[in-house]
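Take a look at the letters that make up each chain.
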Amino acid sequence: MIFTKTKFCYFSNIFGKTITVASLLKQDCKIVMDLNGLIWTKNVKPLNGEDWAYKNIVSIYPELKIFALHWRNLKCRDEKNAQTPQEGELIILRQRSKVTHIVKMLNKQLYPDKNAGNEFNIYRLVQVIWMTDNWENPPENKKVFNCSIYFPPFGKAIKLENLQKFQTRWGKEGLAFQQHVQNVLNIH
């Protein structure tokens, strides 16, 4: 896909920043199903009476499924955590003990959301790699991780290697975990 000047201007006007989509994606504008960077997980929370967070994604480019993934940031305490996942790394998004998304970090930039109030007021740009198509029954955490893990309810990004039960089950078998996730979520 080639981005026209019109699309570029539309993208940069939404975020008030001068950035190019090509510099964000550094790829041929296809959603790539490569799970090599799958090293994070993050709990997300629906707001404003929604059933699920990020079910109806307000996307900049619907065909690319790029959206703003918010972090709670009370008293600016979570900016460091929001900046920790690196460009290209993948995060499994969880909510209500279910896995609903896998997203790819598109850059290192942390953006303020002036319309979000005092709580979920910072975000990073991400691209959907996978999203459930069964919102009535998304995959259970236990099925995706293939072990019972207690996940803290806060919305910080957690490196999978820092979860003891994950380490006990998967150890250094990162590739085996990625293949398991691909099979469970039917990602091709």
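Each remark here, short or long, concerns the structure printed above.
First, a word on what this report is: a plain description of the structure on this page. (Residues numbered from 1 in each chain as written. Predicted model: local features only at pLDDT ≥ 70, side-chain atom pairs only at ≥ 80, totals over all residues. Heavy atoms only, no water.)

As for the overall build of the protein chain
Counting secondary structure elements, the protein chain contains six helices and seven strands. N-terminal to C-terminal, the α/β element order of the protein chain is α-α-β-β-α-β-β-β-β-α-β-α-α. Within the protein chain, the proportion of its 188 residues that are buried is 48%. For the protein chain, restricting intrachain contacts to residue pairs at least 6 apart in sequence, the fraction spanning at least 24 positions comes to 69%. (Helix = DSSP H or I, 4+ residues; strand = E, 2+ residues; numbered from the N terminus. Buried < 20%, exposed > 50% of the residue type's maximum accessible area, 1.4 Å probe, protein only. Contact = heavy atoms within 4.5 Å.)

Section: the packing of aromatic side chains
One pass over the structure, following the stated rule, counts seven aromatic pairs. When the ring of Phe-145 is compared with that of Phe-151, the centres are 5.1 Å apart and the planes differ by 55°; the resulting orientation is tilted. The pair formed by Phe-145 and Phe-151 is uniform in burial state, with each residue classed as buried. Linked through ring pairs, Phe-145, Phe-151, Phe-166, Trp-170 and Phe-177 together constitute an aromatic cluster. Geometry around Trp-170 places Arg-169 over its ring, the cationic atom sitting 3.8 Å from the centre. (Phe/Tyr/Trp six-rings, centres within 6.5 Å; stacked < 30°, edge-to-face > 60°. Lys NZ or Arg CZ within 6 Å of the ring centre and 35° of its normal.)

A word on helix 6 (residues 174-185)
Note: α-helices contain 3.6 residues per turn, so residues at a spacing of three or four share the same orientation. Taking 1.5 Å per residue as the helical rise, helix 6 with its twelve residues ought to reach 16 Å, and the 16 Å between its terminal C-alpha atoms agrees with that figure. Every buried residue of helix 6 is listed here: Phe-177, Gln-178, His-180, Val-181 and Leu-185. Projected onto a plane normal to the axis of helix 6, the buried residues spread over an arc of 160° and lie on a single side. Within helix 6, the exposed residues directed more than 90 degrees away from the buried face are Leu-175 and Asn-183. Downstream of helix 6 by one or two residues, Asn-186 has phi in the positive range, about 55°. (Expected span 1.5 Å × (residues − 1). Arc of directions from axis to C-beta.)

Examining the pairing of strand 2 (residues 66-71)
With respect to burial, strand 2 is a largely interior element, six of its six residues being buried. Here strand 2 runs beside strand 6 (residues 122-131); their pairing, made up of six bridges, is antiparallel. Residue pairing for strand 6: Trp-71 is matched across the bridge by Ile-122. (Pairing = 2+ DSSP bridges.)

A short note on the layout of surface pockets
Taken as a whole, the second largest pocket encloses approximately 220 Å³ of empty space. The wall of the second largest pocket is formed by 14 residues, among which Ile-39, Glu-161, Phe-166, Gly-171 and Gly-174 lie closest to the centre. A breakdown of the residues in the lining of the second largest pocket according to their chemical character gives six nonpolar, four polar and four charged. (1 Å grid on protein atoms, 1.4 Å probe; cavity = no way out; pocket = protein on both sides within 12 Å on 5 of 7 lines; lining within 4 Å. Points joined across faces, edges and corners; volume = space filled by probe spheres on them. Nonpolar A, V, L, I, M, F, W, Y, C, P; charged D, E, K, R; others polar.)

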